[in-house]
Amino acid sequence: MTSNELFKINTSNKKGRINPKKLLYSGAKYIVLVLIAILVLLPLLWGIAASFTPLEKTYEYAYPFSWKAFIPVDFTLDAYEAIFERGFGNSLLNTFLLGIITVVIGGLICTSAGFAFSRFDFPGKKLLFFIVLLTFTIPGDLTVIPRFIMIKDWGWINTWQALVVPLLANSFIIFMSSQFFKEFPQELVDAARVDGASWLRVYFSVVLPVSKPLLISLGLILFLSQWDSYFWPLLVAPDQQFRVVQLAITESVQEYQTFWNELLAGSMLAAIIPILLLIPFQKYFINAVVGGVKE
Amino acid sequence: MKTQKFSPTPYLFLAPAIILLFIFNLFPAVATFQQSLFAESARRGADPIFVRFENFMRIFQDPVFWKSAKVTLLFSLITNPMQTVLALGLALIATQKVKGIGIFRSIYLLPVAVSINVAVVVWGLMVDTNAGLINGMLNQIGLPEQAFLTSPDQALYTIIMIISWKGIPYWALFFIAAVQGIPVSAIEAALIDGANKWQLLTRIIIPILRPIILFVLVADTIINFTLFVPIQLLTQGGPQLSSNLVMYETYRRGFIYGDLGSSSVMLTIMFIVILIVIGIQNLLLRERN
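Reading guide: rules and limits
Residues numbered from 1 in each chain as written. Chains lettered and ligands numbered in written order. Predicted model: local features only at pLDDT ≥ 70, side-chain atom pairs only at ≥ 80, totals over all residues. Helix = DSSP H or I, 4+ residues; strand = E, 2+ residues; numbered from the N terminus. Rg over C-alpha atoms; globule rule 2.2 N^0.38 Å. Buried ≥ 20, exposed ≤ 12 C-beta atoms within 10 Å, placed from the backbone. Contact = placed C-beta atoms within 7 Å. Core = buried A, V, L, I, M, F, W, Y, C linked by C-beta atoms within 7 Å. Domains from an automatic or database assignment. Nonpolar A, V, L, I, M, F, W, Y, C, P; charged D, E, K, R; others polar. Axes fitted to C-alpha atoms, helices over the stretch in contact; angles between N-to-C directions. Parallel < 35°, antiparallel > 145°, perpendicular 65-115°, else oblique. Left-handed = near helix turned anticlockwise from the far one by under 90°. pLDDT = per-residue confidence, 0-100. Expected span 1.5 Å × (residues − 1). Bend = angle between axes of the 7 residues up to and from the residue.

1. As for the overall build of chain B
So, point 1. Of regular secondary structure, chain B possesses 12 helices and 2 strands.
So, point 2. Shown N-terminal to C-terminal, the secondary structure of chain B runs as helices and strands in the order α-β-β-α-α-α-α-α-α-α-α-α-α-α.
So, point 3. Taken against the 2.2 N^0.38 rule, which gives 19 Å for 289 residues, the C-alpha radius of gyration of chain B at 24 Å runs more than 25% over that of a compact globule.
So, point 4. Classification of the 289 residues of chain B by burial places 43% in the buried group.
So, point 5. Residue pairs at least 24 apart in sequence account for 65% of intrachain contacts in chain B once pairs closer than 6 positions are excluded.

Below you can see the structure in the form of structure tokens.
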């Protein structure tokens, strides 16, 4: 079914015999594959190694360059201890909880809207759906000034709600869930309705429980939207107490000195959580992102 | 299940989402347009004054704006086609049928999970002019060291390289799924007709992927158009405004100098440019059908 086969088709004409030209060709392939992998891994390997290295040595091994830059030979947890003393642990925990809250509330709001679009006919449906698509095409950063002024007027600067509420309604996820629910068998909905279930009950106990792929992918997207955000928290919640993880990383850049090892320790911790989430759920994420595009 | 009489049910399901979209997305968009036509009154507390297109005129006469527009144009013309082509290349490499390709593919997709902020922080240290790892490596193999972010001739290109570390794998994600979806029959037919690999790519794979290539190009253009974090963390627009993208200039005016009027004008201009890009995309897509 996949076009991966194309290269197999090409190379499998002459079975059994070792062809030096073919061998050279597949050797070249591996060289390209490895070179790209090195380019991708370079900053991550250095970042991990340097975060476990004392500050002076991080400069020393980078310039002049030494292989010790990639292996923490002078292993220490200094950098991690320093950032946790400054409250990095708090930032990690806060951002994680913010992410979970955004996923749960945002997920409910977006899927219920998607449910309404996919299962009902009602006056104004086309207009409202158009509005969802319209907001999808407006990049959020372009409308940041009025949104910021609004938050300021409400007295929401340095509050949790300023970080969560604007991210809850996500037009991409509304669109994605309405597409997903369209495939849901109508008979199941009808059967529940005949049994006297309310629409709210149909949505919660019939539709949502069998929408695992949708829920996983929207969970990933909403969580990452919160975990990765930097610009918005910088504007609305810069105080130490509310500092989200992406902002907390840059605290190691100070006026007279940048603490490379601490900057890298924070960065690696901020990177590890999305990596751990995306590796097992890769397929769902890809299907969600790519599936949304095909429509 | 079409309901005959009016029922409030769908509206109740929709209400939270639609209300939030109105407040946080639609209203701010309209307000940005509106703000661009007003000026702050000199008197404190007085209502803003309607100045029609005066703000626009002021911006159009501003050399800093034109400089940042030029930088943004150059940046877009290099970054987006380059990322699209390399992402397609990476996708084709990552779908090769060789042993262990799954591991390579997982490695290639790692940057997708790393936030742009983290990518920029780590690369920013690596390209440090005086003590960075990259200059250390160049020095080691006897190549001349580079100024990177501290040179007005190199800063923008260095930023393009850094964001592409994440950008190329991100867009490759879309191409990998698309390449895997190409029907084998199309490829077999071409091979039977004696096509070589280059012909396979240009006559079969690229035409089949055309809609998705177009999508990636446009989506990449729009996303990079509002690029902000790398500039803020690495160069603050410098040196000598050489990396001062329009989005960063709007931030500087709006939030550092407090000039929300001219910031809104620039955002409105950017919005119009994006609408034009989307319009062109739709035209190109229609042409095909």
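There is more to say after this.
2. As for the overall build of chain A
So, point 1. Counting its secondary structure elements, chain A contains 15 helices and 0 strands.
So, point 2. Its C-alpha radius of gyration of 25 Å places chain A more than 25% over the 19 Å reference for a compact globule of 295 residues.
So, point 3. Expressed as lengths along the three principal axes of its C-alpha atoms, the size of chain A is roughly 70 × 70 × 35 Å.
So, point 4. In chain A, which comprises 295 residues, the proportion classed as buried is 39%.
So, point 5. Considering only intrachain contacts with a sequence separation of at least 6, the fraction spanning at least 24 residues in chain A is 75%.

3. As for the environment of Val 179 of chain B
All names here are of chain B.
So, point 1. If you trace the backbone, Val 179 turns up in helix H7 (residues 155-180).
So, point 2. Judged by C-beta crowding, with 22 C-beta atoms within 10 Å, Val 179 ranks as buried.
So, point 3. Placed 87 residues apart in sequence, Val 179 and Leu 92 show a C-alpha to C-alpha distance of 7.3 Å.

4. Considerations on the nonpolar core
As a rule of thumb, nonpolar side chains are buried together in soluble globular proteins.
So, point 1. Core analysis: the biggest nonpolar cluster contains 151 residues, and Ala 113 of chain A together with Ala 17, Ala 172 and Phe 175 of chain B have the highest contact counts within it.
So, point 2. Among the elements that take part in this core, H7 of chain B stands out by supplying 17 residues, more than any other.
So, point 3. Mapping this core onto the domain boundaries places at least three of its residues in each of domain 1 (5-75) and domain 2 (81-294) of chain A.
So, point 4. Aside from chain neighbours lying at most four places away, what touches Phe 175 of chain B is Ala 87, Leu 88, Ala 91 and Ile 212 of chain B.

5. As for the interface of chain A and chain B
So, point 1. In this complex, chain A contributes 77 residues to the contact, which on the side of chain B involves 74 residues.
So, point 2. Tallied by class, residues from the side of chain A that touches chain B come to 54 nonpolar, 15 polar and 8 charged.

6. Quick notes on the domain arrangement of chain A
Residues and elements named next belong to chain A.
So, point 1. Along its sequence, chain A is carved into domain 1 (5-75) and domain 2 (81-294).
So, point 2. Using only C-alpha atoms to locate each centre, domain 1 and domain 2 end up separated by 35 Å.
So, point 3. In this complex, domain 1 contributes 9 residues to the contact, which on the side of domain 2 involves 7 residues.
So, point 4. Residue assignment for the side of domain 1 that touches domain 2 shows that the elements contributing at least two residues are helix H2 (20-51) and helix H3 (55-62).
So, point 5. Looking at the side of domain 1 that touches domain 2, the element that brings in the most residues is H2, giving 4 residues.

7. Focus: unusual backbone geometry
Residue and element names in this part refer to chain B.
So, point 1. Gly 238 connects to Pro 239 through a cis peptide bond whose omega is -10°.
So, point 2. Relative to the helices and strands, Pro 239 resides in the loop between helix H10 (229-234) and helix H11 (246-256).
So, point 3. With a phi angle near 60°, Leu 241 is a residue other than glycine that sits in the positive phi range.
So, point 4. Inspection of the secondary structure puts Leu 241 in the loop between H10 and H11.

8. Let's talk about the packing of helix H4 (residues 101-113) of chain B against H7 of chain B
Angle between the axes and distance between the axes: these two values describe a pair of packed helices.
Residues and elements named next belong to chain B.
So, point 1. Interaxial distance between H4 and H7 falls to 8 Å at its minimum, and their mutual angle equals 110°. The pairing of H4 with H7 is recorded here as roughly perpendicular in orientation. Along this stretch, H4 crosses H7, giving a crossing that reads as left-handed. Contact residues: H4 offers Tyr 108, Leu 109, Pro 111 and Val 112, while H7 offers Trp 165, Lys 166, Pro 169, Tyr 170, Ala 172 and Leu 173.

9. Things to note about the confidence of the model for chain A
So, point 1. Averaged over chain A, the pLDDT score is 85; the fraction of residues at 70 or greater is 91%.
So, point 2. With pLDDT under 50 throughout, residues 1-14 of chain A is counted as low confidence; its partners more than four residues away or in other chains account for 21 contacts.

10. Brief notes about the confidence of the model for chain B
Residue and element names in this part refer to chain B.
So, point 1. Taken over all residues, the pLDDT of chain B has a mean of 87, while the share at 70 or more is 95%.
So, point 2. For chain B, the element scoring lowest by mean pLDDT is strand S1 (residues 38-39), at 77; helix H3 (residues 63-94) scores highest, at 94.
So, point 3. Per the prediction output, this complex has pTM 0.86; the corresponding ipTM is 0.84.

11. So, H7 of chain B
All names here are of chain B.
So, point 1. Over its 26 residues, H7 extends 37 Å from the first C-alpha to the last, a length consistent with the 38 Å expected when each residue adds 1.5 Å.
So, point 2. By the largest-angle criterion, Ser 164 marks the main kink of H7, which is about 45°.
So, point 3. Taken across its 26 residues, H7 has 21 buried, putting it largely inside the fold.

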